[in-house]
Amino acid sequence: MRGVFVDANESLAVIMERLEKPGDPKMRINRNPDIKPEDYPAVLDGAEIAVVDHTALPTDIAKKCAGLKHVVFLGTGARSYMNPEELAGLGIAVHLIKGYGDTAVAESAIALMWSSARVIAMMDREMRAGNWLREDGMQLTSKTLGLVGFGGIAAEVARIALGSGMKVIAWNRSPKNHPGVDFVDLDTVLAKSDVVSIHLLLNDETRGMITREKIAQMKQGVILVNTARAAIVDEQAMIDALKSGHIRHAGLDVFNTEPLPQDHPLTKIPNVTLSAHSAFRTPEASENLIHAAWEHCRRIVKG
């Protein structure tokens, strides 16, 4: 059984090579992170396993990938790049990797929260332009952080926030308990939180879940942080709320269109801090990620 890492950047390629063990399935690494979906059939060349970092795999392209039986997706957000149910109908199983970057993403969410509260990015931009901008920030000690969704990443966010003196409340689709966190309904999280941070997987239930009406339920002057998936939030409603000041500031790591176009409305709004879908990108998380990918491949070969 053969595998191909179809869209490896150099750092992930090096880790993939280093973590290979004797007896592992033969893995060819395509050191081109910028392949297009239509390149899949040629890149895979009949291989049974595709390790995928970020390249979309439309179902009509998958039909052309002779021999493909398994997709090991490097993360949890495969639905943003492919349709697992349709692929299953073709006999292609999609394998996800969970938990590899919980701490990395949580630290990024906290960084976006603090940067948003103290408008660090805005002051940096203005000072580079020669303007001595001195802006009042929001003090977060004793403020309420509301977590929408509560998995491993949110648990890490809660740990850090509680240690910094914040109150943490959360809503999750299934019952949860966690030390120091009060679990309440979603409407209460939205209405009571000074900061709302999104931590949900994207699926049919969560797509567009934070509607214009849900945003209106949030506190005037709320900070919104999203390191999960952009499609969970109504983008235009968020932009309107940012422009009106209902949302004080947004810290965003995920976008409906990636890379974010230079002329996108979010790039024109001053009260937004943007990062390039990089919350998970640390050496530690990458090591965990590729280790888990190899483990998937080993299980696949063993049947």
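Whatever comes next refers back to the structure up there.
Residues numbered from 1 in each chain as written. Predicted model: local features only at pLDDT ≥ 70, side-chain atom pairs only at ≥ 80, totals over all residues. Heavy atoms only, no water.

Asker: Before we go on, may I ask you to explain the overall build of the chain in this structure?
Answerer: When you go through the chain residue by residue, the secondary structure sums to 11 helices and 12 strands. Computed over C-alpha atoms, the radius of gyration of the chain comes to 21 Å, within 12% of the 19 Å expected from 2.2 N^0.38 for 303 residues, which places it in the range of a compact globule. Each of the three principal axes of the chain carries a C-alpha extent, and together these read 60 × 45 × 35 Å. The buried share of the chain, taken over its 303 residues, is 50%. The averaged location of the 37 negative side-chain charges in the chain is 2 Å from the averaged location of its 34 positive side-chain charges. (Helix = DSSP H or I, 4+ residues; strand = E, 2+ residues; numbered from the N terminus. Rg over C-alpha atoms; globule rule 2.2 N^0.38 Å. Buried < 20%, exposed > 50% of the residue type's maximum accessible area, 1.4 Å probe, protein only. Lys, Arg positive; Asp, Glu negative; His and termini not counted. Charge placed at Lys NZ, Arg CZ, Asp CG, Glu CD.)

Asker: What exactly am I supposed to notice about the sheet that holds strand E3 (residues 49-52) here?
Answerer: Within the open sheet, the 5 strands sit side by side as E2-E1-E3-E4-E5. Their pairing is parallel. Here the strands that pair on one side only, and so sit at the sheet edges, are strand E2 (26-29) and strand E5 (93-95). Here the average twist between neighbouring strands, direction ignored, is 20 degrees. With 3 bridges joining them, strand E4 (residues 70-73) and E5 adopt parallel strand pairing. Its bridge partner being in E5, histidine 70 is matched across the sheet by alanine 93. Taken strand by strand, helix H1 (residues 10-18) contacts strand E1 (2-5), E2 and E3, and its axis lies near 160 degrees from that of E2. Where helix H11 (residues 283-302) meets the sheet, its contacts fall on E1, E2, E3, E4 and E5, and the angle it forms with E4 comes to roughly 160 degrees. (Pairing = 2+ DSSP bridges. Axes fitted to C-alpha atoms, helices over the stretch in contact; angles between N-to-C directions. Contact = heavy atoms within 4.5 Å.)

Asker: For this particular structure, what's the right way to read the environment of glutamine 262?
Answerer: One can find glutamine 262 in the loop between strand E11 (247-252) and strand E12 (272-274). A relative accessible area of 74% places glutamine 262 in the exposed class. Ignoring any residue separated from it by four or fewer positions in sequence, one finds glutamine 262 in contact with Thr267 and Lys268.

None of this, on its own, says anything about what the molecule does.
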